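Residue strings, one per chain:
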Amino acid sequence: MNDGILEKYLESGKLAAAILKESAQEIRVGRSYLELVESVEARVRNEGAALAFPLNVSLNEDAAHDTASTGDERVFAKGDVVKFDLGVQIDGYIADTATTVDLGNNALLLEASHEALEAAIRAVRPGVTAGELGAIVQNEIERRGYRPIANLTGHGLDQYVLHKDPTIPNIAINDGTVLEEGMAFAIEPFATTGSGRVGEKTRVEIYSQIAEKPVRIPSARAVMEQIRDRQGLPFSRRWLGDKKMDLALLGLARSQIVHGYPVLADIPGSLVSQHEHTLIVTADGCIVTTR
Ligand code: CO
């Protein structure tokens, strides 16, 4: 990795860390979900950076991929476990970081994903396998009495690429990718009181373009125009603004030009916590960009 690229990872990381910390402190019982999401996203743009994906705010058994819809009337409630996953990019170099805010009585659940992340980060160096990191994550979560979510993983990052090798599991697996100096990736342990697996809900708010195909319908063309500058990175249905765009978006999904990401949830009534950092492997360890 050359110095110019490292510089951009560090810059987006520093900004993401500051905004995540500030925003997490602003979650209160009774505050509007939509207003919070929009104010955080505006903060990223006002700093001259761009979002790597819509701000994910996922409640309770929802682990990931929820964000505000237009006119979303939800408010944060007493007892909520609020996952807050922020992606910032500068020229496509991504900082992906998450934390959990507890509006109930779930300190140990939050500690489980937090300590799993910190222990995994301490183990990162060239030659270590992704499977070894998964074992560390699993152990930290299970010894506190919770389950890691087995079908969610950390992921490698590249310019305008949110998911590539290495995949960092949240459970022990044999082997996995061998870490090398210069790799950029996110580690994101999820701890749950539920089954340890997520499934898809019907709610879909986040999409990304997955193919380049000619589009004739004017409203669909208008959507394509709006999402062009995402360069394949995820966007929110809310960002399209107009209700007419919803139908166009569904058409584009049917044509497999865009892909929708349903909300991912563990079993009803369960609670999920998440912590995430982005890091770059160095000769003898790693640099965490999102501290
Ligand atoms: Co991530």
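To be clear, the structure that these remarks concern was listed above.
Residues numbered from 1 in each chain as written. Predicted model: local features only at pLDDT ≥ 70, side-chain atom pairs only at ≥ 80, totals over all residues. Heavy atoms only, no water.

(A) Representation of the packing of aromatic side chains. Following the criterion strictly, the structure yields 3 aromatic pairs and no others. With a centroid separation of 5.3 Å and an interplanar angle of 65°, the aromatic rings of Y9 and Y93 are classed as edge-to-face. Of this pair, Y9 sits in helix α1 (residues 3-24) while Y93 sits in strand β4 (residues 93-102), and the two are 84 residues apart along the sequence. Residue class for Y9 comes out buried when judged on its relative accessible area of 2%. Given a relative accessible area of 9%, Y93 falls into the buried group. R74 extends its terminal NZ or CZ atom over the ring of Y33, reaching a point 4.0 Å from the ring centre. (Phe/Tyr/Trp six-rings, centres within 6.5 Å; stacked < 30°, edge-to-face > 60°. Helix = DSSP H or I, 4+ residues; strand = E, 2+ residues; numbered from the N terminus. Buried < 20%, exposed > 50% of the residue type's maximum accessible area, 1.4 Å probe, protein only. Lys NZ or Arg CZ within 6 Å of the ring centre and 35° of its normal.)

(B) Examining α1 more closely. Here α1 spans 31 Å end to end across 22 residues, near enough to the 32 Å set by a 1.5 Å rise per residue. Buried within α1 we find Y9, S12, G13, L15, A16, A17, I19, L20, S23 and A24. Capping of α1 at its N-terminal end is provided by N2; its side-chain oxygen lies 2.9 Å from the backbone amide nitrogen of G4. (Expected span 1.5 Å × (residues − 1). Polar contact = N/O pair within 3.5 Å; in protein donor to acceptor, adjacent residues only side chain to side chain.)

(C) Structural context of helix α2 (residues 33-46). In a regular helix each residue adds 1.5 Å, so 14 residues correspond to 20 Å; α2 covers 20 Å between its end C-alpha atoms and thus fits that length. Taken as a whole, α2 has its buried residues at Y33, L34, L36, V37, S39, V40, E41, R43 and V44. Each element contacted by the buried residues of α2 is listed here: α1, β1 (50-59) and β3 (81-90). Of the residues that open α2, the one with a side-chain oxygen 3.3 Å from the backbone nitrogen of L34 is S32. Directly after α2, the chain includes G48, whose backbone phi takes a positive value near 80°. (Contact = heavy atoms within 4.5 Å.)

(D) Region of interest: the coordination of the cobalt ion. Only D96 (OD), H155 (NE2), E188 (OE) and E276 (OE) from the protein coordinate the cobalt ion, and they sit 2.0 to 2.4 Å from it. Taken together, the 4 donor atoms coordinating the cobalt ion span angles of 81 to 168° at the metal, a pattern that classifies the geometry as irregular. For D96, a relative accessible area of 2% translates into the label buried. Using a relative accessible area of 7% as the deciding quantity, one classes E188 as buried. (Donors = N, O, S within 2.8 Å, 3.2 Å for Na, K, Ca; no water. Tetrahedral: all angles 85-135°; square planar, octahedral: opposite > 155°, others 65-115°.)

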